[in-house]
Amino acid sequence: MNSKRFSPTSSTIKSRFTRRFLRALLKINRQRTRTPSSPMEICQRYLKVKLAADVSMASAVGSRRAWSRAMLAKIRHGVRAGSTSSLAMRKRKIYHGKKSTKEVGIVGNAKVLRKLVPGGEAMDTCSLLDETFHYIKCLSTQVKVMTRIADQICST
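Everything quoted here is computed from the prediction, not taken from an experiment. (Residues numbered from 1 in each chain as written. Predicted model: local features only at pLDDT ≥ 70, side-chain atom pairs only at ≥ 80, totals over all residues. Heavy atoms only, no water.)

A. Spatial organisation of the packing of aromatic side chains. If you walk through the whole model with that rule in mind, you get 2 aromatic pairs. Judged by centre distance (5.3 Å) and plane angle (10°), the rings of Phe 17 and Phe 21 are stacked. Placement of both Phe 17 and Phe 21 in helix α2 (residues 10-30) is noted, with a separation of 4 residues, approximately one turn of the helix. The exposure class of Phe 17 is buried, given its relative accessible area of 0%. According to the relative accessible area criterion, Phe 21 is buried, its value standing at 2%. (Phe/Tyr/Trp six-rings, centres within 6.5 Å; stacked < 30°, edge-to-face > 60°. Helix = DSSP H or I, 4+ residues; strand = E, 2+ residues; numbered from the N terminus. Buried < 20%, exposed > 50% of the residue type's maximum accessible area, 1.4 Å probe, protein only.)

B. Region of interest: the nonpolar core. Met 57 and Trp 67 are the most contacted members of the largest nonpolar core, which totals 22 residues. Of all the elements in the fold, those that place two or more residues in this core are α2, α3 (39-61), α4 (66-76) and α8 (125-155). If one sorts the elements of this core by residue count, α3 sits on top with 6 residues. Once residues within four sequence positions are removed from consideration, Trp 67 is found in contact with Met 57, Ala 58, Val 61, Val 117, Pro 118, Met 123, Glu 131, His 134, Tyr 135 and Cys 138. (Core = buried A, V, L, I, M, F, W, Y, C linked by side-chain atoms within 4.5 Å. Contact = heavy atoms within 4.5 Å.)

C. How the structure looks around α4. All buried positions along α4 are accounted for by Trp 67, Ser 68, Ala 70, Met 71, Leu 72 and Ile 75. If you follow the buried residues of α4, they end up packed against α3 and α8. At the exit of α4 stands Gly 78, carrying a positive phi of roughly 85°.

D. Spotlight on the environment of Arg 69. When you line up the elements, Arg 69 lands in helix α4. C-alpha of Arg 69 to C-alpha of Gly 119: the two residues are 50 residues apart in sequence and 7.8 Å apart in space.

E. View of the packing of α4 against α8. Relative to each other, α4 and α8 sit at 70°, their axes nearing to 9 Å. With respect to α8, the element α4 is oriented roughly perpendicular. Contacts between α4 and α8 involve Ala 66, Trp 67 and Met 71 from the first element and Glu 131, His 134, Tyr 135 and Cys 138 from the second. Here the residues of the contact of α4 with α8 sort into 5 nonpolar, 1 polar and 1 charged. (Axes fitted to C-alpha atoms, helices over the stretch in contact; angles between N-to-C directions. Parallel < 35°, antiparallel > 145°, perpendicular 65-115°, else oblique. Nonpolar A, V, L, I, M, F, W, Y, C, P; charged D, E, K, R; others polar.)

F. Structural view of the pattern of salt bridges. Under the definition given, this model contains 3 salt bridges. With a shortest N-O distance of 2.9 Å, Arg 65 and Asp 130 are connected by a salt bridge. Linking Arg 65 in the loop between α3 and α4 with Asp 130 in helix α8, this pair joins segments that are 65 residues apart in sequence. The exposure class assigned to Asp 130 is partly exposed, which follows from its relative accessible area of 40%. (Salt bridge = Lys/Arg side-chain N within 4 Å of Asp/Glu carboxyl O.)

G. Focus on the packing of helix α7 (residues 106-116) against α8. Closest axis-to-axis distance for the α7/α8 pair is 10 Å, and the angle between their directions is 50°. The angle between α7 and α8 places the two elements in the oblique class. Two packed elements cross with a definite hand, and for α7 against α8 that hand is left-handed. Counted together, Ile 106, Ala 110, Leu 113, Arg 114 and Leu 116 of α7 and Thr 125, Leu 128, Leu 129, Thr 132 and Tyr 135 of α8 form the full contact between these two elements. Per-class residue counts for the contact of α7 with α8 are 7 nonpolar, 2 polar and 1 charged. (Left-handed = near helix turned anticlockwise from the far one by under 90°.)

H. Highlighting a nonpolar patch on the surface. Nonpolar side chains collect at one region of the surface, where Ile 106, Val 107 and Leu 129 lie side by side and expose about 300 Å² of accessible area between them. Tracing the sequence through the fold places Ile 106 in helix α7. (Patch = residues over 30% accessible without salt bridge, like charges linked within 9 Å, V, L, I, M, F, W, Y side chains within 5 Å. Areas by Shrake-Rupley, 256 points an atom, 1.4 Å probe, with all protein chains shown as cover.)

Geometric descriptors of this kind do not, in isolation, establish any biological role.
This is how it looks when you write it as structure tokens:
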């Protein structure tokens, strides 16, 4: 089998993500009100951008990966990863989550990964590690693209 056919290069994912994300940002920008933004509007806009980034990345990867399928399914069903209640819950877990990080061994670490990787709850350890590796690569690509976009906007 040709591994390139089943494992697209990050540059392909990067270009698909960039196209989709820029399209989503343009759409968000068109919806923007002309009046000065209130803190609530800024928060809503932040959530829209985060959702656009998540959808763009999961769509760029497609259905080849369990984490992208899980993320798109959550978004379709209205459980958004960037909702304020979910964000607050994650902050609380990180702050109070010292017990889970003290667990020793692969079982404890796998538990933590299952919570962090979309769709990780239903994976065996080997699949979880593979999906985690790919998810981290994609998040890294997402950060690089978003940083580049921000740099371009700031330099103009």
